[in-house]
Amino acid sequence: MNAFRIVLLLLFVALATGALLLTQPIGPVRQARQPVAADAARLRAHVEALCALVPRNLSGPTKLAAAARYVKDAWKQAGATVSEQAYLAEGFPVSNVIATFGPESSETVVVGAHYDAFGAMPGADDNASGVAGLIELGRALAAQPPRSRVELVAFTLEEPPYFNSPQMGSAVHAASLKARGVKVKAMLGLEMIGTFSDAKGSQSYPVPALSLLYPTRGDFVIVAGRLSDWRLTRITKRALASIDGMRARSINAPPRLSQADLSDHANYWRAGFPAVMVSDTAFFRNERYHTPEDTPERLDYARMARVVEGLTEAVLVLTGRPAD
């Protein structure tokens, strides 16, 4: 997952060239409603279950299929309507797992995260954290149904060597929505949401000058989108920041500079849909990225739970509940 590196580099380029960037932090937001609580212990249990399935990719197809079944069973237990989007990748059957909520409507909100992992790594932050958050988001939406259609999608095959190829699960899903004429109001891509630190200097950037605009402590979640996604970025960031103890930052970079083929959300951009990425900034904070040390005990499940609560608020606002 290299999307965050690209958007941060774009920020530096845009500042140097005078291009328009929306990088503002957001201050405390009055919380008018009590969110559906996310459970840190359940999040950890999901991450541990997924990390036990190694390798979680086509070098271990039975483990990859087991991960898909785990997500499917978890959503069914929460009361969701669940289906699979099956296809062949290099002759192997693979599938996206889809949970639907809310009534049929003219617009759909999509939230997704990839359940495969790089190589033979456990992939706790990348991206069992995103999938665990997606599972718990399903539990929250079952308890507090949205007013319009929501699809939660656990994607297969995001990691190399399938990254940036038509075999990515997100590419298959986005293309199917476009082919069916589905109007996607918003897509939120969850890419690593489990690493946080209050230590000064725990947050790094590809260009040192970026620390003048963003915190040096890795205690926030970032929402990244194109310039045209500014409204979706703002709604998502505001919802995240409405949760006590959750800090949110954002970036909107010009699409002409974005090279936006570096994360799942990019496939929705290519299909013509508004989309943003929600992330803990990946390897700019988590030095264990794509290593055997990316393990469950290193994640911050309390703050992961707050991210899920903020995402629940974002989805409910996007599907028809007015923001305050």
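In short, a report on the structure. Since this is a predicted model, take the numbers as computed values, not measurements.

## A closer look at the overall build of the chain
Helix and strand counts for the chain come out as 8 helices and 8 strands. Looking at the chain as a whole, 61% of its 324 residues qualify as buried. Taking the intrachain contacts of the chain between residues at least 6 apart in sequence as the baseline, contacts between residues at least 24 apart amount to 79%. Carbon and sulfur atoms provide 54% of the accessible area of the chain, an area that totals close to 12300 Å².

## Brief notes about the packing of helix α2 (residues 40-51) against helix α4 (residues 124-143)
Their axes nearest at 9 Å, the elements α2 and α4 cross at an angle of 130°. Between α2 and α4, the crossing angle belongs to the class labelled oblique. Remark: the crossing between α2 and α4 carries right-handed chirality. Across from R42, L43, H46, V47, L50 and C51 in α2, the residues of α4 making contact are A124, A128, S129, V131, A132, G133, I135, E136 and R139. The class makeup of the residues in the contact of α2 with α4 is 9 nonpolar, 3 polar and 3 charged.

## As for helix α3 (residues 61-78)
The end-to-end C-alpha distance of α3, which contains 18 residues, comes to 26 Å, matching closely the 26 Å that a straight helix rising 1.5 Å per residue would cover. Looking at α3, one finds that the buried residues are L64, A66, A67, A68, V71, A74, W75 and A78. Contacts made by the buried residues of α3 are with α2, β1 (81-89), β2 (92-101), α4 and β4 (149-155). At the C-terminal side of α3, G79 shows a positive phi close to 95°.

## Considerations on unusual backbone geometry
Outside of glycine, negative phi angles account for most residues, and trans bonds account for most peptide bonds. Omega for the peptide link from V54 to P55 comes to 0°, which places this bond in the cis form. As for its placement among the helices and strands, P55 is situated in the loop between α2 and α3. Looking along the chain, the bond that leaves P160 and enters P161 is cis, with omega of 10°. Summarising the element assignment, P161 is placed in the loop between β4 and α5 (169-179). Positive phi is not limited to glycine here, since A282 has a value of about 55°. In this structure, A282 sits in the loop between β8 (275-279) and α8 (301-318). We classify A282 as buried; its relative accessible area is 0%.

## Considerations on the sheet that holds β4
Read from one edge of the open sheet, 8 strands run β1-β2-β4-β3-β5-β8-β6-β7, paired in mixed fashion. Edge positions in the sheet fall to β1 and β7 (248-253), since each has one partner strand and no second. Pairs of neighbouring strands in the sheet enclose a mean axial angle of 20°, with direction left out of account. As judged from the 5 bridges shared by strand β3 (residues 108-114) and strand β5 (residues 184-191), these two strands associate in the parallel manner. Among the inter-strand pairings, G112 is bridged to a residue of β5, identified as G189. Packed onto the sheet, α3 meets β1, β2 and β4 and runs at close to 15° relative to β2. Relative to β4, α5 is tilted by about 150°, and along the sheet it contacts β1, β2, β3, β4 and β5.

## So, the nonpolar core
Counting 66 residues, the largest nonpolar core has V47, W75, V111, L152 and L240 as its most contacted members. Among the elements that take part in this core, α8 stands out by supplying 10 residues, more than any other. Setting aside residues up to four positions removed in sequence, L152 forms contacts with W75, V97, I98, A99, F101, V111, L134, L137, G138 and L141. Among the nonpolar cores identified, the runner-up in size contains 14 residues, and F155, M187, Y268 and F273 belong to it.

## Section: the environment of I251
In this structure, I251 sits in strand β7. Note on I251: relative accessible area 0%, which makes it buried. Expressed as a C-alpha distance, the spacing of I251 and M277, which sit 26 residues apart in the sequence, is 10.0 Å.

## Some points on α8
With 18 residues, α8 should reach 26 Å at 1.5 Å per residue; the first-to-last C-alpha distance of 25 Å fits that figure. The buried count for α8 comes to 16 of 18 residues, which makes it a mostly enclosed element. If you check the start of α8, you find a side-chain oxygen 3.3 Å away from the backbone N of A302, and it comes from D300. Two residues or fewer after α8 comes G320, characterised by a positive phi angle close to 125°.

Conventions adopted
Residue positions are counted from 1 within each chain, in the order its sequence is given. Two thresholds apply to this predicted model, a pLDDT of at least 70 for residue-level local features and 80 or more for giving and counting side-chain atom pairs, whereas whole-chain, interface and lining totals are computed over all residues. Hydrogens and waters are ignored; side-chain quantities use all the structure's heavy atoms. Secondary structure follows DSSP: runs of H or I at least 4 residues long count as helices, runs of E at least 2 residues long count as strands, and numbering of each begins at the N terminus. Burial classes: relative accessible area under 20% of the type maximum marks a residue as buried, over 50% as exposed, and values in between as partly exposed (1.4 Å probe, protein chains only). Contacts are assigned to residue pairs that have any heavy atoms within 4.5 Å of one another. Residue-level accessible areas treat just the shown protein chains as cover; the underlying method is Shrake-Rupley with a 1.4 Å probe. Between N-to-C directions, angles span 0 to 180 degrees; the directions come from axes that are lines fitted to C-alpha atoms, helices contributing only their stretch in contact. Between 65 and 115 degrees an angle is taken as roughly perpendicular, under 35 as roughly parallel, over 145 as roughly antiparallel, and anywhere else as oblique. Helix crossings are classified by the rotation of the near helix relative to the far one: an anticlockwise turn of less than a right angle makes the crossing left-handed, while a clockwise turn makes it right-handed. Amino acids are sorted into nonpolar (Ala, Val, Leu, Ile, Met, Phe, Trp, Tyr, Cys and Pro), charged (Asp, Glu, Lys and Arg) and polar (every other residue, Gly among them). By this rule the span expected of a helix is its residue count minus one, scaled by 1.5 Å. DSSP-based pairing: two strands are paired if at least 2 bridges between them are found. Nonpolar cores were defined as sets of buried Ala, Val, Leu, Ile, Met, Phe, Trp, Tyr and Cys residues, with membership established by side-chain atoms within 4.5 Å. In protein, a polar contact requires one atom able to donate a hydrogen and another able to accept it; more generally it is a pair of N or O atoms within 3.5 Å, and residues adjacent in sequence count only if both atoms are side-chain atoms.

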